[in-house]
Amino acid sequence: TVTPSSRTFSESISYPDESMDHSYEQRRLPVTQFTEDEEMVRDAARHWANEELRPLVREMDDEAKTRPEIVQGLFDHGFMGMEIPEEYKGSGMNFTSACLVVEELSRVDPSVSILVDIHNTLTNNAVRFWGSEQLKEKWLPRLATEAVSSFALSEAGSGTDAFAMKTTATESPDGSYYTLTGEKLWISNSREAGVFLVFANANPSLKHKGITAFMVDANTEGLHVGKPEKKLGLRASSTCPVVLNDVKVDTADILGEIGLGYKYCINILNEGRIGIASQQIGIAKGCMDIAMPYLNERAQFGTKLADFQGLEHQYAQIATEIHAAELLTYNTCRMKENGIPFVKEASMAKLYSSQVAEKAASKSIEWLGGIGFTQDLLAEKFYRDCKVGSIYEGTSNIQLQTIAKRIKDEYR
Amino acid sequence: MRKILVPIKRVIDYAQKIRVDSSKGPQGVQLKNVKMSMNPFCEIAVEEAIQLKEKNKGAEVVAISVGPKQCTETIRTALAMGADRGIHIETKPDVRGDYVDLQPWAIASLLKGVVEKEDAVDLVLLGKQSIDSDCGQTGPLLAGLLNAPQATFAANIERGDDGSFTVERETDTGTETIKLNACGKPAVITCDLRLNTPRYPTMPNIMKAKKKPVNTISLEDMVKELGLDLDEVLTPQNEVVEVYEPPPRKEGETVGSIDELLGKLKEKGLVA
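What counts, and at which threshold
Residues numbered from 1 in each chain as written. Chains lettered and ligands numbered in written order. Predicted model: local features only at pLDDT ≥ 70, side-chain atom pairs only at ≥ 80, totals over all residues. Heavy atoms only, no water. Pairing = 2+ DSSP bridges. Helix = DSSP H or I, 4+ residues; strand = E, 2+ residues; numbered from the N terminus. Axes fitted to C-alpha atoms, helices over the stretch in contact; angles between N-to-C directions. Contact = heavy atoms within 4.5 Å. Buried area = accessible area lost by both parts, 1.4 Å probe. Salt bridge = Lys/Arg side-chain N within 4 Å of Asp/Glu carboxyl O. Polar contact = N/O pair within 3.5 Å; in protein donor to acceptor, adjacent residues only side chain to side chain. Nonpolar A, V, L, I, M, F, W, Y, C, P; charged D, E, K, R; others polar. Expected span 1.5 Å × (residues − 1). Bend = angle between axes of the 7 residues up to and from the residue. Buried < 20%, exposed > 50% of the residue type's maximum accessible area, 1.4 Å probe, protein only. Phe/Tyr/Trp six-rings, centres within 6.5 Å; stacked < 30°, edge-to-face > 60°.

Draft legend 1. View of the pairing of strand β8 (residues 165–171) of chain B. Residues and elements named next belong to chain B. Here strand β7 (residues 150–159) pairs with β8 via 5 bridges, running antiparallel. Considered in β8, the bridge of arginine 159 is made with phenylalanine 165. Here β7 folds back onto β8 in antiparallel fashion, the turn holding 5 residues, of which glycine 163 has a positive phi close to 90°. Of the strand pairs in this sheet, β8 and strand β9 (residues 174–180) are connected by 7 bridges, and their pairing is antiparallel.

Draft legend 2. Representation of the sheet that holds β7 of chain B. All names here are of chain B. Strand order in this open sheet of 9 strands is β9-β8-β7-β10-β6-β1-β4-β5-β11, and the pairing throughout is mixed. The open sheet has two edge strands, β9 and β11 (214–218), and neither has a second partner. Averaged over all neighbouring strand pairs, the angle between strand axes comes to 30°, with direction disregarded.

Draft legend 3. Just the interface of chain B and chain A, in detail. Across the contact, 15 residues belong to chain B and 20 residues belong to chain A. For the pairing of chain B and chain A, the buried interface totals around 1600 Å² over both sides, and the portion due to carbon and sulfur atoms is 63%. Considering only the surface of chain B that becomes buried against chain A, Tyr200, Met203 and Met207 of chain B emerge as the three largest contributors, covering 46% of it. The interface formed by chain B and chain A holds 4 salt bridges in total. Linking lysine 210 of chain B and aspartate 37 of chain A is a salt bridge whose minimum nitrogen-to-oxygen distance equals 2.4 Å. For the interface between chain B and chain A, the tally reads 4 residue pairs in polar contact (both at pLDDT 80 or more). Taken together, the elements giving at least two residues each to the side of chain B that touches chain A come down to α2 (71–81) and α5 (203–211) of chain B. No other element matches the 6 residues that α5 of chain B contributes to the side of chain B that touches chain A. Looking at the side of chain B that touches chain A residue by residue, the class counts come to 7 nonpolar, 3 polar and 5 charged.

Draft legend 4. Quick peek at helix α5 (residues 110–130) of chain A. Residues and elements named next belong to chain A. Between its first and last C-alpha atoms α5 spans 28 Å; for 21 residues at 1.5 Å apiece the expected length is 30 Å, and the two agree. Where α5 bends most, the angle comes to about 30°, and this point is asparagine 124. The buried fraction of α5 is high, at 18 of 21 residues. The N-capping residue of α5, defined by a side-chain oxygen 2.9 Å from the backbone nitrogen of serine 111, is aspartate 109.

Draft legend 5. Region of the structure containing the packing of aromatic side chains. All names here are of chain A. In this structure the tally under the stated criterion is 8 aromatic pairs over all chains. Plain terms: the ring middles of phenylalanine 34 and tyrosine 330 are 5.2 Å apart, the flat faces sit at 85° to each other, and that makes the pair edge-to-face. Pair noted here: phenylalanine 34 is in the segment before α1 (36–53) and tyrosine 330 is in helix α8 (residues 309–337), with a separation of 296 residues, a long-range link. When its relative accessible area of 9% is taken as the criterion, phenylalanine 34 is described as buried. Note on tryptophan 130 and tyrosine 264: the rings are 4.7 Å apart at their centroids and 20° apart in plane angle, and the pair reads as stacked. Note that tryptophan 130 is positioned in helix α5 and tyrosine 264 in helix α7 (residues 261–297), a separation of 134 residues in sequence. On the accessibility criterion, tyrosine 264 (7% relative accessible area) is buried. Here the aromatic residues Phe129, Trp130 and Tyr264 are joined through ring pairs into a cluster of three or more.

Here is the structure:
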């Protein structure tokens, strides 16, 4: 028996147009209905990613290096200063727009989108939120127009336990500068970075309450970027140790207040992970972009693969989960933009989106069969790239803890 | 250079699969929930206008579109590419456009009125045709109505210091170069694929576009202002008899060798 799987029942009759029944004040737009500007942003990012980035993706992955012209293109198109205000040479847009850019870039190359994500949602926003006027004037225009940034937090001995960092910052006798010593590890964008947001402890006796955030120019004497890690995925994204050998940093380059660095990094990571969720959604959609046309084209036993019920069930499931991840993530963006507490939802978004990306990547290779297992297609790259989603910017286990704590408290 | 007018059309996005209900005649093309974008040839026209503006300081690029409320999105894209202001002649939701009511003659009549009203228009740049109705008539009709020099299918445009335009045109037999002399009328040029590669808006330009003025006027008001007749404008010159999807492509034949290929071609009388 042949099931009429391609018959669509809903298209054959018309429904009354109910969209005009409620007054505008009562109507709520769906979360996935973006503004005109946001749609333009999405289109521009998609267009750039497909025209300029796509041809270089495989090569950059093979060589484990991001091409300088790609980095330049990101600056030229305004992707690097998404939320930086126009008076500081940025694009002056909102958080949702930044996430849409990350999603669209991820759909083509997550190694490039992570550079954009860390730069916008971690460094740039931390500077905007907690930097003095002087610090913002010094750094934001550079960040918007020519300097890639790295978020230098993790060390060999401190990943999840970020507060256990050993990098120290010692105040000079006259109090005009600090000397930073230590070694950061796993630092993304480090090879391309023009500036590092370095977290160091200025008063270890106060434990984490001594942690301070410093803006450090990449050319500062004593700062060395080590050899990049050879990774499973996100290979074109540089992940290197960053050694600080008596690096002198002017007190004017302290972000915010001494000893509040721990608060800044927790808070900025709480929102940065929404960007990671967008990245993971982009990965999942990128996998579907490769697999679905193939399923619609390839036939075995006289039937298109897309018409076999077993596969129908699988891609329907994945598509549903991608959509759920989208709703979770972009709703959280709107919560943040509206000043509604969003820490739980941000954790949920990152946790869930990374799970969905991994499933989508794995399944898409199965659907593609033999060719999915070769490097002829980018599916195998997405499979390798997605794995870090459950690890960086807060592991999945930590996300579960964060969510659990809040659920528990809600019911107390 | 003073003003460059660029008429742009909002059409079904070129990458969308078109769905047709042939029982509905010309209204059968499914438009609900379908992604719409600027006509690709109109994008090329906008790009050319901006490039000319960049070469001629002081030139103003005006994007104009006739269509429903959502045309403002299309105009905003033109502004984000670098156009200076927009004009939106807004049609009511029941005006379907294309095939059904508004056709090139009506559009050209409206544009003629706008050109005369704007005054100081040195150039009208249009896409060679739209990808929905593919008429390719609006540009030439406009030139005729204005009694203006025209060049269609432009692959290259050069502006002379005397205000003339030298245009390389694509024809079926090759490229032809013609010169449109400055004559007190705007030059009317339609743009073809090879003319340029349209830029995509950068983030800062998308933000700048929000501040650029877009003047919206209803079709009824514009028609009245230009002294045209609304019924005439909305009555199509051509009646679309049937709209249907092309029949599915028949499967080809696979041959095993060059000899077999030649044999087959000879059989079909395609080679001697």
